[in-house]
Amino acid sequence: MYSLLTNLELGATMLFVIFSFIAAGKASKLVYFDTEKMLYRKTRKLLFWTISLSLLAAAVATADTMLAATAHPLFWMDRLLIRTPLAILPVLLIWIGSFPRMRKLLHRTHGRTEIAPDTARRRQASDPAFIVPFQLAALCAVALFYFAFVPPIPFRWTAVTMPTTVLLFIACLLWMLQTRRNQLAAQAPLVYRPWRRRLQHTGLLLAIAAILSIPFLTAMESSKLPEHLSMMAGKADYGLPANASQREKLIAHQHQHNQIAKPASTSEGITSTPVTELTGPRAGEPDRKFTLTAQHKSITLSSGKQLEAWTYNGEIPGPELRMKEGELIEVTLINKDIEGGATLHWHGLDVPNAEDGVAGATQNAVMPGESFTYRFVAEQVGTFWYHSHQSSKLAVEKGLFGALIVEPQEAAAQAYEDITVITHNWRGAGMSIGADQTVQQRAIAPGTLVKLRLINTDDWVRQSYILTGAPFKVTAIDGTDLTGPTELRDTSLDLLTGGRYDVEFIMPEHPVFLRVGKGKSLGILMSKDGSGDIPELPATTTFDPTHYGKATAKAPFDINSHFDRAFVMILDNRFAFYNGGFAAYDTINGEVFPNTPMFVVKEGELVKTTIVNRSSVEHPMHLHGHHMLVLSRNEEPVTGSLWWSDTLDVAPGEVYEVAFRADNPGIWMDHCHNLVHASAGMTMHLMYEGVTSPFEVGTATHNHPE
Ligand SMILES: [Cu+2]
């Protein structure tokens, strides 16, 4: 519904821009026609444009009103209060000002022949009250277009008043020009000189372009990432505490520290802790050791396609790291020859901050010839993955990732077949499960419990996984077990980048097929002997975690809890400047990095975030170091099993309320895991008060986390 209404509104806006310009041009030219017959004909045609503009304005208003009736205010505030009036007002003026004059002129020129319009007709045909409403419609259409692509959300007065002032100024100017023309027309017939008019228009456009180019080029230049930039220097957002007196205190605090250029050790009694001290256990013999060597390698996929990959240990994906709950893990990263550097980030594992592997925030990128050792205790049981968080878009695309599985300490009551399904889109070579681009065949004895661990590592693909041939349960989301999962059939499990589902089923006598995508060419065929026919694709519905399973575990907090901070994260798409470029970017709270907000929290606080996706595409929002409890979607509380997420699929038009306990101090990235978005600035971070980082990003450093 949201996409339908916003697309309707946008389509109507575009047509309104085109139609209003045509109508304004036609209205302005009326005075130049040298016979009354022509004047009659051309005036009558304006009726068509009037009705068309009215219908388009009505479409904009209807779409906006319907949004207002169905969606959260952040989706429609600007639309209903700014864009609808911009479409409706000029059309009303046309009906009030132009239409009666148009009728009068038609009445006076009806049935006339080739005679030249007299003074009275010329005055009527250039009356400002007749012509300017059409010109105003074109002007408002430009403003409508502007507000559609540079929405003033989060609301800022200047973002609305400045363009409106310019609009009013130009409207006055148009009125003066038309009054002048009206006076001239009264004196003598005006001669239409197309070349002169074109020259005038071109000159005017060039002058406007020249004037606008100054702030435009300045903004483009100043958007370039600096040589050195500390992650601690950001636009601090302290959220809004529920308690009023606390809120006042925080607002005062906010004014004081609007730009945190120095360590955010701001509150009384908080001492500063560098990220480098927030490590896992440094001493003690590890229970498990891994070494991952980042290196270039030519790889042949199962389809025979060749890849120049970036690998860990020469494998794509990198080796699966399996460990047991509670073990002390030591992983040494060696960078053999990845020129741009590499790191290791444990996606979904809430490790101590210094082990999080984000270049420029928690460590420096590991350059060729260098190494770095990560140590952490594997505390969460479940399905995770690791990847480089240095130039992550390119690194993940090229192969610097792998699965990470934490098994429970005690062996499961029932033995099970454990299959990791890590899917990836190799650029130029297509989709695969690991390096496998064909159907895998596995022999599994009937009666066996099978666990599939689905991991989507793609950039920018909503991947669907469909299991046919057996009823199944979704037992975990993002590495966290669900309680009381119920059986599902004909259900598509869709994951955005970074998300994971664990699925379990009992192997029947007949074949079972896990389909990756909708075709038959990629998937896993499981049967008694590994052979058999691939079942046809049934009609499916998409799995919805908001009302799945049974609530058996008590939530540590819920939608009615008292939250110490409440943040709002608005995802949108708008024209913006980023690192010396100007384009339509995916934004957080109207900005791209480094102007995105930095959510500041104190250790121990209970934090709620409302995530609103106003954009036209989905965003898998990934918070490092914490799991978010999903409280509600579209203002409807989540029921059933508790749903903890680290990579939340936020579709266009959706509003999620999520909450977490700030129990893992550090500087934590919070970004869209469509890495193409993240690398274009859709990234921000969560900052604990008192935590400092000696690391920097910027063009003069090696650190480029996305
Ligand atoms: Cu995104």
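Residues numbered from 1 in each chain as written. Predicted model: local features only at pLDDT ≥ 70, side-chain atom pairs only at ≥ 80, totals over all residues. Heavy atoms only, no water.

**Considering the overall build of the protein chain**
Helix and strand counts for the protein chain come out as ten helices and 39 strands. On the principal axes, the C-alpha backbone points of the protein chain span a range of 100 × 65 × 50 Å. If you take every contact in the protein chain between residues at least 6 apart in sequence, the share linking residues at least 24 apart comes to 77%. As displayed, the protein chain has an accessible area near 29,800 Å², and 59% of this comes from carbon and sulfur atoms. (Helix = DSSP H or I, 4+ residues; strand = E, 2+ residues; numbered from the N terminus. Contact = heavy atoms within 4.5 Å. Areas by Shrake-Rupley, 256 points an atom, 1.4 Å probe, with all protein chains shown as cover.)

**What about the coordination of the copper ion?**
For the copper ion, the protein coordination sphere consists of H619 (ND1), C672 (SG) and H677 (ND1), at 2.0 to 2.1 Å. You can call H677 buried: its relative accessible area is 7%. (Donors = N, O, S within 2.8 Å, 3.2 Å for Na, K, Ca; no water. Buried < 20%, exposed > 50% of the residue type's maximum accessible area, 1.4 Å probe, protein only.)

**Things to note about the packing of aromatic side chains**
Under the definition given, this model contains 25 aromatic pairs. Measuring from ring centre to ring centre gives 5.2 Å for W346 and F376, while their planes differ by 50°; the resulting arrangement is tilted. Of this pair, W346 sits in strand 8 (residues 345-347) while F376 sits in strand 9 (residues 371-377), placing them 30 residues apart in sequence. Residue W346 shares its accessibility class with F376, and that shared class is buried. What links up through ring pairs into an aromatic cluster is the set F145, F149, F216, F575, F577 and F582. The residue whose ring lies beneath R198 is W195, and the NZ or CZ to ring-centre distance is 5.1 Å. Its guanidinium or amino end placed over the ring of Y416, K451 lies 5.8 Å from that ring's centre, counting from NZ or CZ. (Phe/Tyr/Trp six-rings, centres within 6.5 Å; stacked < 30°, edge-to-face > 60°. Lys NZ or Arg CZ within 6 Å of the ring centre and 35° of its normal.)

**What about the nonpolar core?**
Generally speaking, a soluble globular protein has its nonpolar side chains buried in company with each other. In terms of nonpolar packing, the biggest core is built from 73 residues, with L452, L454, V474, F505 and M526 touching the most fellow members. A23, A27, I131 and V160 belong to the second largest nonpolar core, which has 35 residues in total. (Core = buried A, V, L, I, M, F, W, Y, C linked by side-chain atoms within 4.5 Å.)

**Focus: empty space enclosed by the protein**
All told, the structure shown has two cavities of 30 Å³ or more when counted by the stated rule. Roughly 70 Å³ of volume is contained in the largest cavity. Considering the residues around the largest cavity, the lining is formed by M569, F599, T609, I611, M621, L623, M628, V658, F660, D670 and L686. Elements represented by at least two residues in the lining of the largest cavity include exactly strand 28 (606-613), strand 29 (619-623) and strand 35 (655-661). In terms of residue class, the lining of the largest cavity is made up of nine nonpolar, one polar and one charged. One number sums up the size of the second largest cavity: a volume of about 30 Å³. Around the second largest cavity, the lining residues are L229, S230, M231, A233, G234, F593, P594 and H685. (1 Å grid on protein atoms, 1.4 Å probe; cavity = no way out; pocket = protein on both sides within 12 Å on 5 of 7 lines; lining within 4 Å. Points joined across faces, edges and corners; volume = space filled by probe spheres on them. Nonpolar A, V, L, I, M, F, W, Y, C, P; charged D, E, K, R; others polar.)

**So, the confidence of the model for the protein chain**
Detail in the predicted coordinates should be disregarded across regions flagged by low pLDDT. Taken over all residues, the pLDDT of the protein chain has a mean of 90, while the share at 70 or more is 96%. Within the model, pLDDT remains below 50 along residues 254-266, and this stretch shows 28 contacts once partners closer than five positions in the same chain are excluded. Scored as a complex, the prediction yields pTM 0.89 and ipTM 0.79. (pLDDT = per-residue confidence, 0-100.)

**Overview of the sheet that holds strand 16 (residues 463-468)**
Strand order in the open sheet formed by six strands is 14-22-21-16-19-23, and the pairing between neighbours is mixed. Unpaired on one side and paired on the other, strand 14 (439-443) and strand 23 (541-542) mark the two borders of the sheet. Summarising the sheet, strand 14 and strand 22 (residues 523-527) pair through five bridges and their orientation is parallel. Within the sheet, the bridge partner assigned to Q441 lies in strand 22 and is L525. (Pairing = 2+ DSSP bridges.)

**Details of the pairing of strand 4 (residues 288-300)**
Inspection of the sheet shows strand 4 paired to strand 7 (residues 328-335) by seven bridges, in the parallel sense. Bridge pairing in strand 7 places A294 opposite N335. Here strand 4 folds back onto strand 5 (residues 306-312) in antiparallel fashion, the turn holding five residues, of which G304 has a positive phi close to 95°.

**Quick notes on a nonpolar patch on the surface**
A cluster of nonpolar side chains, I51, L55, L89, L92, W95 and I96, forms an exposed patch at the surface whose accessible area comes to about 600 Å². Elements supplying a minimum of two residues to the nonpolar patch: helix 2 (36-70) and helix 3 (73-109). Positionally, L55 belongs in helix 2. (Patch = residues over 30% accessible without salt bridge, like charges linked within 9 Å, V, L, I, M, F, W, Y side chains within 5 Å. Salt bridge = Lys/Arg side-chain N within 4 Å of Asp/Glu carboxyl O.)

**Things to note about the pairing of strand 10 (residues 382-387)**
For strand 10, the buried fraction is high: six of the six residues fall into the buried class. As defined by bridge partners, strand 8 adjoins strand 10 across three bridges and the pair is classed as antiparallel. Bridged to W346 within strand 10 is Y386. As judged from the six bridges shared by strand 10 and strand 11 (residues 401-407), these two strands associate in the antiparallel manner. Within strand 11, the residue paired with Y386 across the bridge is G402.

**Digging into the side chain of T596**
Among the structural elements, T596 can be located in the loop between strand 26 (581-588) and strand 27 (597-601). A polar side-chain atom of T596 sits 2.8 Å from the main-chain carbonyl oxygen of T683. Discounting residues that sit within four places of it in the chain, T596 has contacts with K235, I588, E591, G681, T683 and M684. (Polar contact = N/O pair within 3.5 Å; in protein donor to acceptor, adjacent residues only side chain to side chain.)

**Examining the sheet that holds strand 17 (residues 473-477)**
Spatial strand order, 13-12-15-20-17-18: six strands in an open sheet with mixed pairing. Among the strands making up the open sheet, the edge pair consists of strand 13 (430-433) and strand 18 (480-481).

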